[in-house]
Protein chains: 2
Amino acid sequence: MKKILVLGAGKSATTLISYLLEHAQQFDWYVTVGDYSLETATQKVGNHERGKAVFFDVKDAEIRAKYVADCDLVVSVLPANFHILVAKDCLKYKKHIITPSYISPEQKALDADFKAANLLFMGEIGLDPGIDHMSIMKMMKEIRQEGGQVQAVRSFTGALIAPESDTNPWHYKFTWAPMNVVLAGQGTAQYLKNGHPQYVPYNRLFELTETYHVDDCGTFEAYANRDSLHYLDAYQIEDVPTFIRGTLRYKGYCEAWNAFVRLGLTDNNIKILNLEHLTYNDLIDAFLPSTQKNDTRSVKERLAEFLDVGIESDVMDRLSWLGLFELGAKVGKGAATPAKILHDLLAKKWELQPDDKDMIVMLHIIDYLEDGEEKRHTSSLILKGENAEETAISSTVGLPMAIMAKLLLNNEISLTGVHMPIMPEVYEPCLKELEKYGVTFLEKQEVC
Amino acid sequence: MKKILVLGAGKSATTLISYLLEHAQQFDWYVTVGDYSLETATQKVGNHERGKAVFFDVKDAEIRAKYVADCDLVVSVLPANFHILVAKDCLKYKKHIITPSYISPEQKALDADFKAANLLFMGEIGLDPGIDHMSIMKMMKEIRQEGGQVQAVRSFTGALIAPESDTNPWHYKFTWAPMNVVLAGQGTAQYLKNGHPQYVPYNRLFELTETYHVDDCGTFEAYANRDSLHYLDAYQIEDVPTFIRGTLRYKGYCEAWNAFVRLGLTDNNIKILNLEHLTYNDLIDAFLPSTQKNDTRSVKERLAEFLDVGIESDVMDRLSWLGLFELGAKVGKGAATPAKILHDLLAKKWELQPDDKDMIVMLHIIDYLEDGEEKRHTSSLILKGENAEETAISSTVGLPMAIMAKLLLNNEISLTGVHMPIMPEVYEPCLKELEKYGVTFLEKQEVC
């Protein structure tokens, strides 16, 4: 019997755990699910005879060692910064590890150790990063096999709300870790355009969007996602003059979100005190440039002027809808960072309702030269969830990890070291099985 | 004989070490100066019979323990994040410690331990923070003794270049830690205005400046310095509606510096690669919004448009003077962060020449009510250095620490715990002795 240890039982683990339990009999697996909330882990495991839920505190070295030592494979969906602790235990006790998170430099530095121990650390095998890597590598392989020369790669993903469940002027609801959305983009985005590196600091990220149309779906805006230059080597496209990874939002979102960036409301370091005495209107006031004592304009009017938009503009509509200009409601209790205050407000306003369907949109556009012609291969994925529990994001993050676990435990993969899923022996079986779960791309080839 | 251990022998330690050695015979002191560069420490100690230079690596616990255990008092001018290591050894071996740096929450948390051990951790006793705290507390004490009620406190400091040594269009040279200047203001500044907290994110900090005139000196612009709200409690001014601490620059500096902030060139996290192939012109290009392939404008022209200033404007003059638009010169070698690239360029352009004089400008403006009248007490300090070695900044950072050391070793202070110099028993003797070294404030009282 093979023992799988799943660490973290939150939203991101739902489909992962289901898949592993559903296939446990067939492949002779036993699944232990550890979470800081034993209740959450127990809910996910149910009374399955091949699973158990346990209390797991990643910061407790003894507990970590106990469970890692007693399994064949770890799948960690813990917050990203904890993977390194688990990975080091995996080395110690000779176990493979799979995570959906970006591979940090500290994790990458374990490559030689994982190789020497004949073990695999597979990171970035969720949706984005994950399915995006796999589907782009497959597209490029096919283009190259036909003799095509890749000229530009653009890849965008959005974890969005399906149109039928879209009930607010932001056209957005939280389908995934809300704090990641609030803090998205802090730092400097990097990508390649026409042979030139491009650097975009946070203060301009949500201004420099581009518009893309996705067939059968609609028009979206994209902002650059972190460091695309980092992937030139892994994707083997060092000679390709244009490469960008980006995040998709419905039109208008970025301009409105940029109001928070410009105000400074996404700061997660300073603490605002005495929230029980503060209204949202006061909060906006405190981040607006101060005004003359005799200024009789409302905070809403001053904000519109600050943003250089009309009081009836779409941006102001979105901000008003959040209740930011209501005078009564207090922000909270005690102290919190601006980002946390924003998070708590949005968690209420953008909450996914039980019957809401989320929607994943992924769009790859690859320009290439073939037989002297400029061609474009567009590949798009549109996948909707069932409801607030069975979401498309949970499936698309969880299934690649679950399939990877199966490939490893069935000895169909003999890879060692620290990797992302960019090799055919991983992405081909993964993408093939994902199709059974509705992860099917719409492909389009055009001569430009 | 009392033994003093000075940690760090760089620019910030020059005057400190001189003072301690000069008074060593009189007070029966022995001064050990530790630095990672034994050469630097040796230069500062010379062949003084009551001093010695030693190699000191703060990260080496054994070396730390050895020297801390063998002294009566530690004065640390190491980089601020290292003080905590030394402070914990001070607790272990029962020694006092003095630093010029901002007291971190982690340091403040040692307050009870220092009290229990009957020891003093005096932080923020340099220039700013340091002399500013002391002189404001003295002003407020005098105002309150006369029955005045403080209404507004504004306090600004600039470490600047003296007019006679001002030879560039930025009217600025590095007289102190250059990287601190490059990274200044990252985060969110906080202060109090007319009873309302004001928060200013980095992306607007250098836009929201105010202009102040300093008698006998000139006109300066000020931007908010970090978290002023944090000091309301320490200064006992919780009921005062306006309080701001700020940094002074000559007029025009902030608008030009903001070009770097908007471009994103002050980022210290991402790495730019292949610097041997990159000109400064390329670098600016990479941070500018990308343009059409057929755009024939120069980078300088595009930057002027991006900044919404004329090509002949003061801002563009300053940027041009740095050589940013020259096509030949390469940025460097290997990889570096944008902030490091900027640092290395500015270190050359803004280098203090051997005979240059630096200048400290400090300005306090306290508004108060007395006998029903609105009054203003303005206090200003203008202090020039001798040359690039004997700077005003080195004196004003080092002397308060040196005097504090003397007060402690002579048992004139019996304070314990973690403190900044806001108590009369500290600031009165300190300010009095500082006057002998030219730290004299020009005082002005007006009825508004």
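Worth saying up front: this structure is predicted, and the values here are computed from it rather than measured.

Asks: What's the story with the overall build of chain A in this structure? I'm lost.
Replies: Along chain A, the regular secondary structure elements total 18 helices and 16 strands. At 23 Å, chain A has a C-alpha radius of gyration in line with the 22 Å of a compact globule built from 448 residues. Taken over the C-alpha atoms alone, chain A extends approximately 75 × 60 × 40 Å along its principal axes. The 448 residues of chain A split such that 59% are buried. Taking all contacts inside chain A whose residues are at least 6 apart in sequence as the whole, residues at least 24 apart take part in 70%.

Asks: When you look at the pairing of strand E9 (residues 196–201) of chain A in this model, what are you seeing that I'm missing?
Replies: Sheet faces and side chains relate simply in a regular strand, where the side chains alternate between the two faces. Residue and element names in this part refer to chain A. Two elements, strand E8 (residues 188–193) and E9, share six bridges in a ladder whose sense is antiparallel. By the bridge assignment for E9, tyrosine 191 is matched with glutamine 198. In sequence, E8 turns back onto E9 through a hairpin of two residues, with asparagine 194 there showing a positive phi of about 50 degrees.

Asks: Can you help me understand the pattern of salt bridges in this one?
Replies: Counted according to the given criterion, the structure contains 44 salt bridges over all chains. Residue arginine 64 of chain A pairs with aspartate 89 of chain A through a salt bridge whose shortest N-O separation is 2.8 Å. Placement of the pair is arginine 64 of chain A in helix H4 (residues 61–69) and aspartate 89 of chain A in helix H5 (residues 83–93), with a sequence separation of 25 residues. When sorted by exposure, arginine 64 of chain A lands in the same class as aspartate 89 of chain A, which is buried. Note that lysine 3 of chain B is salt-bridged to aspartate 70 of chain B, the shortest N-O span being 2.9 Å.

Asks: How do you make sense of the packing of aromatic side chains when you look at a structure like this?
Replies: Aromatic ring pairs are described here by two measures, namely the spacing of the ring centres and the angle between the planes. A full pass over the atoms with the stated rule returns 46 aromatic pairs over all chains. Measuring from centroid to centroid gives 5.2 Å for phenylalanine 174 of chain B and tryptophan 350 of chain B, while their planes differ by 70 degrees, and the two rings are edge-to-face. Of this pair, phenylalanine 174 of chain B sits in the loop between strand E7 (149–161) and helix H9 (178–183) while tryptophan 350 of chain B sits in the loop between helix H16 (338–349) and strand E13 (358–370), and the two are 176 residues apart along the sequence. Members of the aromatic cluster, joined through ring pairs, are Trp170, Tyr172, Phe174, Tyr253, Trp257, Phe260 and Trp350 of chain A. Stacked on the ring of tyrosine 231 of chain B, the Lys or Arg arginine 245 of chain B has its end atom at 4.9 Å from the ring centre. Taking NZ or CZ as reference, arginine 249 of chain B lies 5.1 Å from the ring centre of tyrosine 253 of chain B, over its face.

Asks: Looking at this structure, I do not really get the domain arrangement of chain A. What am I missing?
Replies: Where interface size is quoted, it is often the accessible area lost as the parts come together. The domain architecture assigned to chain A consists of domain 1 (2–127 + 393–439), domain 2 (131–252 + 353–391 + 442–447) and domain 3 (271–336). Put simply, the middle of domain 1 of chain A and the middle of domain 3 of chain A, counted by C-alpha atoms, are 44 Å apart.

Asks: Explanation requested: the sheet that holds strand E4 (residues 73–76) of chain B in the structure shown.
Replies: Hydrogen bonds between backbone atoms are what pair the strands of a sheet, whose relative direction is either parallel or antiparallel. Residue and element names in this part refer to chain B. Reading across from one edge, E3-E2-E1-E4-E5-E6-E15 is the order of the seven strands in this open sheet, with parallel pairing throughout. Unpaired on one side and paired on the other, strand E3 (51–55) and strand E15 (417–419) mark the two borders of the sheet. Here the average twist between neighbouring strands, direction ignored, is 15 degrees. Note that strand E6 (residues 120–122) and E15 share three bridges and pair parallel. Considered in E15, the bridge of leucine 120 is made with glycine 417.

Asks: Help me out: how do you make sense of the interface of chain A and chain B in this one?
Replies: Counting residues at the interface gives 28 residues for chain A, matched by 29 residues for chain B. Scanning the region where chain A abuts chain B turns up zero salt bridges. Summed over the shared surface of chain A and chain B, the result is 16 residue pairs in polar contact (both at pLDDT 80 or more). Counting only elements with at least two residues in the side of chain A that touches chain B, the list comes to E8, E9, helix H10 (202–205), helix H12 (253–263) and helix H13 (280–287) of chain A. A per-element tally of the side of chain A that touches chain B places E9 of chain A first, with four residues.

Asks: Can you help me understand the sheet that holds strand E15 (residues 417–419) of chain A in this one?
Replies: Residues and elements named next belong to chain A. What the seven strands build is an open sheet, ordered E3-E2-E1-E4-E5-E6-E15; its pairing is parallel. Two strands bound the open sheet, and with one partner strand each, they are strand E3 (51–55) and E15. For this sheet, the mean angle separating the axes of adjacent strands, direction not counted, is 15 degrees. With two bridges connecting them, strand E5 (residues 96–98) and strand E6 (residues 120–122) associate as parallel partners. Its bridge partner lying in E6, isoleucine 98 is registered against methionine 122. Against the sheet, helix H1 (residues 14–22) touches strand E1 (2–7), strand E2 (29–35), E3 and strand E4 (73–76), its axis set at about 155 degrees to E2. Seen against the sheet, H5 touches E1, E4, E5 and E6 and runs at an angle of roughly 160 degrees to E5.

Asks: Honestly, helix H14 (residues 299–307) of chain B in this entry has me stumped. Any pointers?
Replies: One turn of the α-helix equals 3.6 residues, which is why residues spaced by three or four share an orientation. Those residues of H14 of chain B not exposed but buried are Val299, Arg302, Leu303, Ala304, Phe306 and Leu307 of chain B. In this structure, the buried side of H14 of chain B is in contact with H10 of chain A together with helix H12 (253–263), helix H13 (280–287) and helix H15 (314–321) of chain B. Aspartate 308 of chain B lies just past H14 of chain B and shows a positive phi near 60 degrees.

Asks: Got a minute to help me understand the packing of H14 of chain B against H15 of chain B in this structure?
Replies: Helix packing for two helices is described by the angle between their axes and how far apart those axes are. All names here are of chain B. Remark: H14 packs on H15, axes separated minimally by 11 Å, with the N-to-C direction vectors making an angle of 140 degrees. By the angle class used here, H14 and H15 are oblique. Between H14 and H15 lies a crossing whose hand is right-handed. Judged by residue contacts, Lys300, Leu303, Ala304 and Leu307 of H14 engage Val315, Met316, Leu319 and Ser320 from H15. In the contact of H14 with H15, the residues fall into six nonpolar, one polar and one charged.

Asks: I tried to follow the pairing of E3 of chain A on my own but got confused; where do I start?
Replies: Two strands pair when backbone bridges link them, and E2 of chain A and E3 of chain A are joined in this way by five bridges, in the parallel orientation. In the sheet register, glycine 34 of chain A faces E3 of chain A, and the bridge partner there is valine 54 of chain A.

Asks: Teacher, can you tell me more about the relation of the copies chain A and chain B here?
Replies: Superposition of the two copies of the chain requires a rotation about an axis and a shift along the axis. When chain A is fitted to chain B, the residual RMSD is 0.0 Å, and the transformation amounts to a turn of 180 degrees plus an axial shift of 0.0 Å. This pairing of chains is accounted for by a two-fold axis. By C-alpha distance to the rotation axis, the residue of chain A lying nearest is asparagine 203 of chain A, at 3.1 Å. A shared binding surface is used by both copies, with 100% of the interface residues of chain A retained as interface residues in chain B.

Asks: Looking at this structure, how should I read a negative patch on the surface?
Replies: Judged by side-chain charge, Glu255, Glu312, Asp314 and Asp317 of chain A come together as a negatively charged surface patch. Its location among the elements puts glutamate 312 of chain A in the loop between helix H14 (299–307) and helix H15 (314–321).

Asks: For this particular structure, what's the right way to read the packing of helix H4 (residues 61–69) of chain B against helix H5 (residues 83–93) of chain B?
Replies: All names here are of chain B. At a minimum axis distance of 10 Å, the contact between H4 and H5 shows a crossing angle of 50 degrees. When the axis of H4 is compared with that of H5, the two are oblique. Crossing hand, H4 versus H5: right-handed. Within the contact between the two elements, H4 uses Arg64, Ala65, Val68 and Ala69 and H5 uses Leu85, Val86, Asp89, Cys90 and Tyr93.

Asks: Looking at this model, I keep getting lost on a nonpolar patch on the surface. Mind explaining?
Replies: Residues and elements named next belong to chain A. Side chains of Tyr36, Leu38 and Phe55 sit close together on the surface and give an oily, nonpolar patch of about 330 Å² of accessible area. Along the chain, leucine 38 falls in helix H3 (residues 38–45). Among the residues examined, leucine 38 registers a relative accessible area of 40% and is labelled partly exposed.

The rules we used
Residues numbered from 1 in each chain as written. Chains lettered and ligands numbered in written order. Predicted model: local features only at pLDDT ≥ 70, side-chain atom pairs only at ≥ 80, totals over all residues. Heavy atoms only, no water. Helix = DSSP H or I, 4+ residues; strand = E, 2+ residues; numbered from the N terminus. Rg over C-alpha atoms; globule rule 2.2 N^0.38 Å. Buried < 20%, exposed > 50% of the residue type's maximum accessible area, 1.4 Å probe, protein only. Contact = heavy atoms within 4.5 Å. Pairing = 2+ DSSP bridges. Salt bridge = Lys/Arg side-chain N within 4 Å of Asp/Glu carboxyl O. Phe/Tyr/Trp six-rings, centres within 6.5 Å; stacked < 30°, edge-to-face > 60°. Lys NZ or Arg CZ within 6 Å of the ring centre and 35° of its normal. Domains from an automatic or database assignment. Axes fitted to C-alpha atoms, helices over the stretch in contact; angles between N-to-C directions. Polar contact = N/O pair within 3.5 Å; in protein donor to acceptor, adjacent residues only side chain to side chain. Parallel < 35°, antiparallel > 145°, perpendicular 65-115°, else oblique. Left-handed = near helix turned anticlockwise from the far one by under 90°. Nonpolar A, V, L, I, M, F, W, Y, C, P; charged D, E, K, R; others polar. Least-squares fit on C-alpha atoms with pLDDT ≥ 70 in both. Patch = residues over 30% accessible without salt bridge, like charges linked within 9 Å, V, L, I, M, F, W, Y side chains within 5 Å. Areas by Shrake-Rupley, 256 points an atom, 1.4 Å probe, with all protein chains shown as cover. Lys, Arg positive; Asp, Glu negative; His and termini not counted. Charge placed at Lys NZ, Arg CZ, Asp CG, Glu CD.

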